[in-house]
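# Examination of the molecular architecture
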Amino acid sequence: NAGVTQTPKFQVLKTGQSMTLQCAQDMNHEYMSWYRQDPGMGLRLIHYSVGAGITDQGEVPNGYNVSRSTTEDFPLRLLSAAPSQTSVYFCASSARDTRSGNTIYFGEGSWLTVV
Amino acid sequence: AQTVTQSQPEMSVQEAETVTLSCTYDTSESNYYLFWYKQPPSRQMILVIRQEAYKQQNATENRFSVNFQKAAKSFSLKISDSQLGDTAMYFCAFMKYNTDKLIFGTGTRLQVFP
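First things first, this report covers the structure right here in the doc. (Residues numbered from 1 in each chain as written. Chains lettered and ligands numbered in written order. Predicted model: local features only at pLDDT ≥ 70, side-chain atom pairs only at ≥ 80, totals over all residues. Heavy atoms only, no water.)

Bringing the packing of aromatic side chains into the picture now. Applying the stated rule across the entire model yields 17 aromatic pairs over all chains. Three or more aromatic residues link up through ring pairs in this structure, and these residues are Y35, F90 and F106 of chain A together with Y33, F35, Y37, F91, Y97 and F104 of chain B. (Phe/Tyr/Trp six-rings, centres within 6.5 Å; stacked < 30°, edge-to-face > 60°.)

Take a look at the structure:
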């Protein structure tokens, strides 16, 4: 019963480096999304996907890239890391099921520091 | 665009007492969901309670209940019989119906004292 799994949990990057945050869910959910959480703020949506092959931008998409080749996986790519991308990143998934009231399941978060 | 406002950055309450966290939101939508999430120091996001906007009855989950005032666009969380384990950040969130995209407030840090 894994739910939403994010890797890595912690990462330190140098400015300009690229990396990928991995997200996988085993609940066959259509909808997946990435949020970031900065100090003193709530979570903000970066990118989301309503199904394999379909992605769209959220509130703060700049500097990030996503793809959805399978239902299970939704990786987030940092193209050229900047200190402003230091944050905690959350992956989330949900089923388009009105009976469940669109319950959203979150991963445990990935702490990223860019120096 | 929708916005969610939590005007209380920090709150404190004594164990076994009751505390109310405030949340207001702005939207022109008629169908939506409202949520309260708890985030303990581990940073895990835990759903506390959910309210469907079309339901007039306030949602309750054990010690947690909401006061949903749709016309006033207010959605407060009441925690009864506060426990030390309730110490956490609490986020109010809005979701337009059938979008699965959450809009969060800035959070209220709740400290429960023995």
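After presenting the structure, the write-up continues.
Residue and element names in this part refer to chain A. Only one face of strand β3 (residues 19–25) is covered, namely the one carrying M19, L21, C23 and Q25; the face carrying T20, Q22 and A24 has none of its residues buried. Bridging between strand β1 (residues 4–7) and β3 involves four bridges; their strand directions are antiparallel. Bridged to T7 within β3 is Q22. Pairing geometry for β3 and strand β8 (residues 76–78), over three bridges, is antiparallel. From the neighbouring strand, T20 faces β8, where its bridge partner is R77. (Buried < 20%, exposed > 50% of the residue type's maximum accessible area, 1.4 Å probe, protein only. Helix = DSSP H or I, 4+ residues; strand = E, 2+ residues; numbered from the N terminus. Pairing = 2+ DSSP bridges.)

Further remarks concern the nonpolar core. A general trend in soluble globular proteins is that nonpolar side chains are found buried together. Core analysis: the biggest nonpolar cluster contains 25 residues, and Y25, W36, F75, L77 and Y90 of chain B have the highest contact counts within it. Where this core is concerned, the elements lending two or more residues are β3 (19–21), β5 (32–39), β6 (46–52), β8 (64–69), β9 (74–79), β10 (88–96) and β12 (108–113) of chain B. The biggest single contributor to this core is β10 of chain B, with four residues. Core analysis: the second largest hydrophobic core is formed by 20 residues, L45 and F106 of chain A together with F35 and F104 of chain B among them. (Core = buried A, V, L, I, M, F, W, Y, C linked by side-chain atoms within 4.5 Å.)

Take the pairing of β6 of chain B next. Residues and elements named next belong to chain B. In terms of strand pairing, β5 meets β6 through six bridges, oriented antiparallel. Across the sheet, the residue bridging to W36 is I49, located in β6. The hairpin formed by β5 and β6 contains six residues between the paired strands, and R43 there has a positive phi angle of roughly 80 degrees.

Turning next to the side chain of Q6 of chain B. Residues and elements named next belong to chain B. Positionally, Q6 belongs in the loop between β1 (3–5) and β2 (10–14). On the accessibility criterion, Q6 (6% relative accessible area) is buried. Side-chain polar atoms of Q6 contact the side chain of T108, separated by 3.5 Å. Leaving out residues up to four positions away in the same chain, Q6 has contacts with S22, C23, W36, Y90, F91, C92, G105, T106, G107 and T108. (Polar contact = N/O pair within 3.5 Å; in protein donor to acceptor, adjacent residues only side chain to side chain. Contact = heavy atoms within 4.5 Å.)

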